[in-house]
Amino acid sequence: MLTVMTQPVLIRIHPADNVAIVANDGGLAEGVVLPDGLVLRERVPQGHKVALADIAAGDSVRRYNVSIGTALADIAAGSWVHERRLSLPIARGLQGLPMPLAGAVRQAPPPLEGHHFEGLRNADGSVGTRNIFAITTTVQCVAGVVEIAVQRIREQLLPRYPNVDDVVGLEHSYGCGVAIDAPDAIIPIRTLRHIARNPNFGGEVMVISLGCEKLQPERLLPPGSIPVASATAGASVQSEPLDVLCLQDSAHVGFMSMIDAIVARAVPHLERLNARRRETVPASELVVGVQCGGSDAFSGVTANPAVGFCTDLLVRAGATVMFSETTEVRDAIDQLTARAASPEVAQAMVREMAWYDAYLQRGQVDRSANTTPGNKAGGLSNIVEKAMGSIVKSGSLPIDGVLAPGERLTQRGLIYAATPASDFICGTLQLAAGMNVHIFTTGRGTPYGLAECPVIKVATRTELARRWHDLMDLNAGLIADGEASIEDMGWALFQLVLEVASGRRKTWAERWRLHNDLVLFNPAPVT
């Protein structure tokens, strides 16, 4: 349905805000009279801020009832408020933050029962939403060979195995030419190790090695790192030796012998995956990663609040939801520690923020380096405003745990998974944590996707959803249009997650086979 706003529409988040954003497609022209009688002093693009009252130089500009900056000069009511008229606030310190009381008991939200999806149960107890054969690699050197082998497997073998959804090569830029014994090298190594264990891969692991690389297969996946259910309750063992194919092995004479060997070795893995069947499992088996990219001023008005409502539903249903993007939540650290389920969780969030502050400082930048030209064109003046819209993806419930980059989930609930804000690195780290469904919101638009996991893309604006009708899976712009509530869109997203997880619906990224490369976070030196 096409919505046309015939009257000027402003969206004000909080009664204490002294700015509001323009909702109308194409923005509003100079001289337009707003509903309260205020006259625009200049043209204001869609999503950009209008001063609702006179703001004196040095006074705070407030959105989300938070100071997103101070006015560099007097700003008259009815003026366009953009990044060049604001100074960036100093980042909130990490001391004296609100903390939960030790031993305090929070009232649990009412459970959400009776919701299920059709998933693929793994031997280690996890559940996949897709049945994918993934080929792990130790080093970038083998990527070209693996790419051609994957193409042959897809064309020649997959038709014989109708229950296998796809074959993917887990290619990356790591493995050699790196300071592999540096303390921070553990981050990319454990990321690769844990991606190999993603629930969507069914416990099948095959590794392609060059032979001379620093990241040897036994270092990447030491014995016991790929556990399966044991006959002894509560125990886990690695049932058979790791399946490793080394390209420098003398048995490989010529390029095609490498390809033939990889294709032949794939067969038993495909046979086991093909024997798997979906079964009805509770929604508590979902592991959902939420992320935003190409954000605009509507992100915190439409898509992210809808995701936040869905997050609450999922957690109430017993599922696990991860929110991430450290620089995009850093300015809301006080709100996050106040929601921590325990003092230990709050301190863990502070630890991750402090680590990332130091990481940025080593590079002689700060969190202000995050915002993009597209963010600013979409109405976001700086990282503070962006962060206030980003954190609402996390919903309203207590935060149950914290993951450092590359770590794997060991608990359920609402988890802060510390990652850089880069779409590709964040997605890669959430895959390593165990994500089996991804929710991705966008305002400017991005064709982002992952080969390893279904990505549900949520548009912040109806204009984007209409223009990219075959890339966006859900239009949260209906909230700004006045045609749906945040609750309506949150429930719609919750149901869509169950449909996608069950394999009954493919996302647009899956239909077009759109996917981005895995991108590792490597803060250690490259040699």
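Residues numbered from 1 in each chain as written. Predicted model: local features only at pLDDT ≥ 70, side-chain atom pairs only at ≥ 80, totals over all residues. Heavy atoms only, no water.

Engineer: Can you walk me through the overall build of the protein chain in this structure?
Structural biologist: Counting its regular elements, the protein chain contains 14 helices and 23 strands. Expressed as lengths along the three principal axes of its C-alpha atoms, the size of the protein chain is roughly 80 × 50 × 50 Å. When each of the 527 residues of the protein chain is scored for burial, the buried share is 57%. Here the protein chain displays about 20,800 Å² of accessible surface, and carbon together with sulfur accounts for 54% of that area. (Helix = DSSP H or I, 4+ residues; strand = E, 2+ residues; numbered from the N terminus. Buried < 20%, exposed > 50% of the residue type's maximum accessible area, 1.4 Å probe, protein only. Areas by Shrake-Rupley, 256 points an atom, 1.4 Å probe, with all protein chains shown as cover.)

Engineer: So what exactly am I meant to see when it comes to empty space enclosed by the protein here?
Structural biologist: Where empty space is left becomes clear once a probe the size of a water molecule has been rolled over the atoms. By the definition in use, this model includes 3 cavities of 30 Å³ or more. One number sums up the size of the largest cavity: a volume of about 40 Å³. Its residues placed into classes, the lining of the largest cavity shows 3 nonpolar, 6 polar and 3 charged. (1 Å grid on protein atoms, 1.4 Å probe; cavity = no way out; pocket = protein on both sides within 12 Å on 5 of 7 lines; lining within 4 Å. Points joined across faces, edges and corners; volume = space filled by probe spheres on them. Nonpolar A, V, L, I, M, F, W, Y, C, P; charged D, E, K, R; others polar.)

Engineer: Help me understand the packing of aromatic side chains, please; the structure alone is not making it clear to me.
Structural biologist: When we look at a pair of aromatic rings, we describe it by the centre distance and by the angle of the planes. Overall, the coordinates contain 11 aromatic pairs when judged by the stated rule. Note on Trp 355 and Tyr 359: the rings are 5.6 Å apart at their centroids and 10 degrees apart in plane angle, and the pair reads as stacked. Residue Trp 355 and its partner Tyr 359 are located together in helix H7 (residues 343-362), separated by 4 residues, close to a single helical turn. Trp 355 gets classed as partly exposed once you look at its relative accessible area, which sits at 27%. Taking the centre distance of 6.3 Å and the plane angle of 35 degrees together, the rings of Tyr 356 and Phe 521 count as tilted. One end of the pair, Tyr 356, is in helix H7; the other, Phe 521, is in the segment after helix H14 (508-511), and 165 residues separate them in sequence. Side by side, Tyr 356 and Phe 521 carry an identical accessibility label, which is buried. A network of ring pairs unites the aromatic residues Trp 355, Tyr 356, Tyr 359 and Phe 521 as a single cluster. In this arrangement the basic side chain of Arg 511 is found over the ring face of Trp 508, its NZ or CZ atom lying 3.9 Å from the centre. (Phe/Tyr/Trp six-rings, centres within 6.5 Å; stacked < 30°, edge-to-face > 60°. Lys NZ or Arg CZ within 6 Å of the ring centre and 35° of its normal.)

Engineer: Quick question: what am I supposed to make of helix H2 (residues 186-195) here?
Structural biologist: Helical geometry note: an α-helix holds 3.6 residues per turn, so side chains three or four residues apart project in the same direction. With 9 of 10 residues buried, H2 is to be regarded as a mostly interior element. Buried residues of H2: Ile 187, Pro 188, Ile 189, Arg 190, Thr 191, Leu 192, Arg 193, His 194 and Ile 195, and no others. Buried positions along H2 lie against strand S11 (166-170), helix H3 (217-220), H7 and helix H10 (423-433). (Contact = heavy atoms within 4.5 Å.)

Engineer: Mind showing me how you'd approach unusual backbone geometry here?
Structural biologist: Most peptide bonds take the trans configuration, and most residues that are not glycine carry a negative phi. Residues other than glycine seldom take positive phi values, yet Tyr 64 does so here, at roughly 60 degrees. Topologically, Tyr 64 is positioned in the loop between strand S4 (60-63) and strand S5 (66-71). Although it is not a glycine, Gln 364 adopts a positive phi angle of roughly 60 degrees. Structurally, Gln 364 can be placed in the loop between H7 and helix H8 (373-377).

Engineer: What's the story with the side chain of Thr 419 in this structure? I'm lost.
Structural biologist: As for its placement among the helices and strands, Thr 419 is situated in the loop between strand S20 (413-417) and H10. Of the polar contacts made by the side chain of Thr 419, one reaches the backbone nitrogen of Glu 325; its length is 3.2 Å. Contacts of Thr 419, omitting those with residues within four sequence positions, involve Ser 324, Glu 325, Thr 326, Cys 426 and Leu 429. (Polar contact = N/O pair within 3.5 Å; in protein donor to acceptor, adjacent residues only side chain to side chain.)

Engineer: How should the sheet that holds strand S1 (residues 10-11) be read in this particular structure?
Structural biologist: Strand-to-strand pairing in sheets goes through backbone hydrogen bonds, with the strands running parallel or antiparallel. In space, the 4 strands of this open sheet follow the order S1-S2-S3-S6, with antiparallel pairing throughout. With partners counted over all chains shown, the strands left at the sheet margins are S1 and strand S6 (80-81), one partner each. One ladder, built from 2 bridges, connects strand S3 (residues 49-51) with S6; its direction is antiparallel. Within S6, the position partnered with Val 50 by the bridge is Trp 80. (Pairing = 2+ DSSP bridges.)

Engineer: What's the story with the pairing of strand S10 (residues 132-137) in this structure? I'm lost.
Structural biologist: Remember that side chains alternate between the two faces of the sheet whenever the strand is regular. The element S10 is extensively covered by neighbouring structure, given that 6 of its 6 residues are classed as buried. Every second residue of S10 is oriented toward a common face, with Ile 132, Ala 134 and Thr 136 on one face and Phe 133, Ile 135 and Thr 137 on the other, all of them buried. The pairing of S10 with S11 spans 5 bridges and is parallel. Each residue of the ladder has a partner; that of Phe 133, found in S11, is Val 167. The parallel pair S10 and S11, bridged by helix H1 (residues 143-157), forms a crossover whose chirality is right-handed. (Right-handed = clockwise from strand over helix to strand, strands pointing away.)

Engineer: What is the right way to read the pairing of strand S8 (residues 116-121) from this model?
Structural biologist: Both S8 and strand S16 (residues 279-282) contribute to a ladder of 4 bridges, which runs antiparallel. Bridge assignment links Gly 119 to a residue of S16, and that residue is Glu 279. Sheet topology places S8 next to strand S9 (residues 127-128); 2 bridges connect them, and they run antiparallel. Within S9, the position partnered with Arg 121 by the bridge is Val 127. The antiparallel pairing of S8 with S9 creates a hairpin that spans 5 residues between the two strands, and Gly 125 there sits at a positive phi of about 100 degrees.

Engineer: When you look at the environment of Glu 483 in this model, what are you seeing that I'm missing?
Structural biologist: Here Glu 483 is to be found in the loop between helix H12 (477-481) and helix H13 (486-501). Once the C-alpha coordinates of Glu 483 and Trp 512 are considered, the two residues, 29 residues apart in sequence, prove to be 29 Å apart.

Engineer: Please clarify how the packing of H1 against helix H4 (residues 255-274) should be interpreted in this entry.
Structural biologist: Axes are the key here: two packed helices are described by the angle between their axes and the distance separating the axes. It is the contact of H1 with H4, at a shortest axis distance of 9 Å, that shows an interaxial angle of 50 degrees. In terms of axis orientation, H1 runs oblique to H4. In this structure, the crossing between H1 and H4 has a hand that is right-handed. Contact residues: Val 145, Ile 148, Ala 149, Arg 152, Ile 153 and Leu 157 in H1; Phe 255, Met 256, Met 258, Ile 259, Asp 260, Ile 262, Val 263, Ala 266, Val 267 and Leu 270 in H4. Partitioned by chemical class, the residues of the contact of H1 with H4 number 14 nonpolar, no polar and 2 charged. (Axes fitted to C-alpha atoms, helices over the stretch in contact; angles between N-to-C directions. Parallel < 35°, antiparallel > 145°, perpendicular 65-115°, else oblique. Left-handed = near helix turned anticlockwise from the far one by under 90°.)

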